[in-house]
Every structure is written in C-alpha cells, then in structure tokens.
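Structural description and commentary
Residue strings, one per chain:
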Amino acid sequence: MATRNEWTEWHLTPGGWQRGSTRVQGKGNTWADEPEDRVLSFVYKEVETGASPKASVSSEESWRSKTASTIDQLLQQYGSSPRHL
C-alpha cells in the first residue's frame, strides 16, 4: 500500500501549461475545472511505498483534443508537461 500518493493534472493551452486538479497527501484532493481551450492533458504522479524509500514518478497523457491542430506546435513552444506536483 502506498504511504504517499500525490498527483497533479497539467493542461496544455495556447497560453502554456496550466495546473489543474491536485492530490496532496494529508490534504486530499483539490478539484479544478479543465481550461476550455486545453488541447492536451497529462497527470504527473509521485507514489512512495514502505518497500522503497524513493518515490516512483510518472507522467502520462490523460486527454487529447481530437480537433486541435496546434498540439505539436504548442509542445514545441512550451515543452513537455511539467514534472512536478
């Protein structure tokens, strides 16, 4: 069982990466609406278990616009999703 399980949603918009909903250990979830102009969303996670002193870190795509034609251009401009909570 995880001793720490935290995550942050990151949304790519024409204005750059925007923080979305989050989960912080001991504080619970903070929900935020997705930006209306988002074209791509990722979830960044940090999970610690009692078996390992080092956190397991991952970032995975959770949503992609089927109509946006600017995703590659925005990724080139703003870079990949943030890798922090």
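Note: the structure precedes this text.
Heads up: these notes are all about the structure in this document.

Calculation criteria
- Residues numbered from 1 in each chain as written.
- Predicted model: local features only at pLDDT ≥ 70, side-chain atom pairs only at ≥ 80, totals over all residues.
- Heavy atoms only, no water.
- Helix = DSSP H or I, 4+ residues; strand = E, 2+ residues; numbered from the N terminus.
- Buried < 20%, exposed > 50% of the residue type's maximum accessible area, 1.4 Å probe, protein only.
- Contact = heavy atoms within 4.5 Å.
- Lys, Arg positive; Asp, Glu negative; His and termini not counted.
- Charge placed at Lys NZ, Arg CZ, Asp CG, Glu CD.
- Pairing = 2+ DSSP bridges.

1. Thoughts on the overall build of the protein chain
Secondary structure summary: the protein chain contains one helix and five strands in total. What you see in the protein chain, going N to C, is helices and strands ordered as β-β-β-β-β-α. Across its three principal axes, the protein chain shows a C-alpha extent of roughly 45 × 25 × 20 Å. Scored against the burial criterion, the 85 residues of the protein chain give a buried share of 33%. Counted over contacts in the protein chain with a minimum sequence separation of 6, partners at least 24 positions apart contribute 57%. Within the protein chain, the 11 negative side-chain charges are centred at a point lying 6 Å from the centre of the 10 positive side-chain charges.

2. Details of the pairing of strand β5 (residues 52–64)
One ladder, built from nine bridges, connects strand β4 (residues 40–49) with β5; its direction is antiparallel. Of the residues in β5, the one forming a bridge with Val43 is Glu60. Between β4 and β5, which pair antiparallel and follow one another directly, the connecting turn spans two residues.

None of this, on its own, says anything about what the molecule does.
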